[in-house]
Amino acid sequence: MPLTVTTRNARFQVLQSLLTNRTKRTRAGEFLVQGVRPITMAVEHGWEVRSLLYDGDRRLSTWARRVLDGTPDAEHVRMSSSLLAELGEKGDGEVELLAVVAMPPDDLSRVPVDGDFLGVVLDRPSQPGNIGSVVRSADAFGAHGVITTGHGADAYDPRSVRASTGSLFATPVVRVPSQREVLTWVESCRAAGTPIVVVATDENGDADLADFDLTLPVLLLVGNEGSGLSRAWRDAADVTLQIPITGSASSLNAANAASIALYEARRQRLPQ
């Protein structure tokens, strides 16, 4: 028998906090997933679905019914259309199913490392949507994982999850406090036989991105949208590369810069 939520009771308030409160999301170890493709990807990639929230005021689609039937271990919560729409951040009647999904551990061992390693570090990202966009590009261009460092936006913010269009569930994303944890991990990878090159991207780089051999095992560093890379990351980089730009723009959006760098790495790695 599914739980029923038709008022703004304590359960609804807990669910609502997953949308807006990073601290409560982290403490609960779970986040809210909106949209057909992200929910489908979460299920297909074996993520732990803790709860499925569905519209109890309408006839569900074949897709929604299939998701509910295919996740018997998840709690099923029947909700009023208006409350579900509020959690889905859409109009009344526009949402039929949402998922509450468990966060995986923030462990760098989740990022696979081999001879053709390609990873991305986002240093203190300020926009959740940019994180999701980078994760989407990382997935599209064959990167092995995305790492966020420092105090910044949350990869499990609904805006980030939506912007990833489901790629969050296919590409490992790990949050760590600072560059120190990443550099220790890089050194351990090098000691194990994968000579990762740490490549910073900056408008004042030493060489153009396309002139550097990105077929090597590479960890790309992308800075904060406002202030760029921290001094600690600049000092840690093995090389600093630039993306040539023209016109009146002084720099690129962080997600755009990451996508261009990932594309160039992918281009170089394609069979000639």
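Residues numbered from 1 in each chain as written. Predicted model: local features only at pLDDT ≥ 70, side-chain atom pairs only at ≥ 80, totals over all residues. Heavy atoms only, no water.

Novice: Account for the overall build of the chain, with residues named and values stated.
Specialist: In terms of helices and strands, the chain carries 10 helices and 12 strands. Against the compact-globule benchmark of 19 Å for 272 residues, the chain has a radius of gyration of 20 Å, which places it among compact chains. Counting only C-alpha atoms and orienting by the principal axes, one finds that the chain spans roughly 60 × 40 × 35 Å. Looking at the chain as a whole, 52% of its 272 residues are labelled buried. Long-range contacts, defined here as pairs at least 24 residues apart, represent 77% of the contacts in the chain between residues at least 6 apart. Per element, the accessible surface of the chain, about 12600 Å² overall, is 48% carbon and sulfur. Averaging the coordinates of the 27 positive side-chain charges in the chain and doing the same for the 33 negative ones gives two points 6 Å apart. (Helix = DSSP H or I, 4+ residues; strand = E, 2+ residues; numbered from the N terminus. Rg over C-alpha atoms; globule rule 2.2 N^0.38 Å. Buried < 20%, exposed > 50% of the residue type's maximum accessible area, 1.4 Å probe, protein only. Contact = heavy atoms within 4.5 Å. Areas by Shrake-Rupley, 256 points an atom, 1.4 Å probe, with all protein chains shown as cover. Lys, Arg positive; Asp, Glu negative; His and termini not counted. Charge placed at Lys NZ, Arg CZ, Asp CG, Glu CD.)

Novice: Break down unusual backbone geometry for me, citing the residues and quoting the values.
Specialist: Of note, Arg124 is a non-glycine position whose phi angle comes to about 50°, a positive value. Within the fold, Arg124 resides in the loop between strand E6 (118-123) and helix H6 (128-140). Note on Arg124: relative accessible area 23%, which makes it partly exposed. Although it is not a glycine, Thr165 sits at a positive phi angle of roughly 45°. With respect to the helices, strands and loops of the structure, Thr165 is situated in the loop between helix H7 (158-163) and strand E8 (173-176).

Novice: With reference to specific residues and values, describe the pattern of salt bridges.
Specialist: With the rule as written, the count across this model stands at 16 salt bridges. Ionic pairing is found between Asp238 and Arg190, a salt bridge with its closest N-O pair at 2.9 Å. Note that Asp238 is positioned in the loop between helix H9 (231-236) and strand E12 (239-242) and Arg190 in helix H8 (residues 179-191), a separation of 48 residues in sequence. On the accessibility criterion, Asp238 (45% relative accessible area) is partly exposed. Close ionic contact of Asp202 with Arg234 constitutes a salt bridge, the shortest N to O distance being 3.1 Å. Of this pair, Asp202 sits in the loop between strand E9 (197-201) and strand E10 (207-208) while Arg234 sits in helix H9; the two residues are 32 residues apart in sequence, bridging distant segments of the chain. Note on Arg234: relative accessible area 30%, which makes it partly exposed. The structure contains a network of salt bridges with shared partners spanning Arg25, Asp106, Asp154 and Arg175. (Salt bridge = Lys/Arg side-chain N within 4 Å of Asp/Glu carboxyl O.)

Novice: Give me the sheet that holds strand E2 (residues 30-33): which residues, what numbers.
Specialist: Strand order in the open sheet formed by five strands is E1-E4-E3-E5-E2, and the pairing between neighbours is mixed. Each edge of the open sheet is held by one strand with a lone partner, namely strand E1 (3-5) and E2. Taken pair by pair, the neighbouring strands of this sheet meet at an average axis angle of 25°, ignoring direction. The sheet contact formed by E2 and strand E5 (residues 97-102) spans four bridges and is antiparallel. Across the sheet, Val33 pairs through a bridge with Ala99, a residue of E5. (Pairing = 2+ DSSP bridges. Axes fitted to C-alpha atoms, helices over the stretch in contact; angles between N-to-C directions.)

Novice: Lay out the environment of Ile147 in plain terms, naming residues and giving numbers.
Specialist: Relative to the helices and strands, Ile147 is located in strand E7 (residues 145-149). Between the C-alpha atoms of Ile147 and Ser109, which are 38 residues apart in sequence, the distance is 12 Å. Residues within four places of Ile147 in sequence aside, it is in contact with Leu108, Val120, Val121, Leu122, Val174, Val176, Val182 and Trp185.

Novice: Break down the UniProt feature "domain: SpoU L30e-like N-terminal" (unreviewed entry) in the chain for me, citing the residues and quoting the values.
Specialist: When the UniProt feature table is mapped to this numbering, "domain: SpoU L30e-like N-terminal" (unreviewed entry) covers residues 9-99. In the segment residues 9-99, helix accounts for 48% and strand for 21%; the C-alpha atoms at its two ends are 19 Å apart. (UniProt positions renumbered as here; feature names shortened; annotations may be inferred.)

Novice: Residues and numbers for a nonpolar patch on the surface, please.
Specialist: Residues Ile245, Leu252 and Ile260 make up a contiguous nonpolar surface patch of about 210 Å² in total accessible area. Relative to the elements of secondary structure, Leu252 occurs in the loop between E12 and helix H10 (254-269). (Patch = residues over 30% accessible without salt bridge, like charges linked within 9 Å, V, L, I, M, F, W, Y side chains within 5 Å.)

Novice: Any chance you could break down the layout of surface pockets for me, citing the residues and the numbers?
Specialist: Its volume calculated, the second largest pocket comes out at about 200 Å³. In terms of lining, the second largest pocket is formed by 13 residues, of which the most central are Gln34, Gly35, Val36, Lys90 and Val95. Split into classes, the residues belonging to the lining of the second largest pocket amount to five nonpolar, three polar and five charged. (1 Å grid on protein atoms, 1.4 Å probe; cavity = no way out; pocket = protein on both sides within 12 Å on 5 of 7 lines; lining within 4 Å. Points joined across faces, edges and corners; volume = space filled by probe spheres on them. Nonpolar A, V, L, I, M, F, W, Y, C, P; charged D, E, K, R; others polar.)

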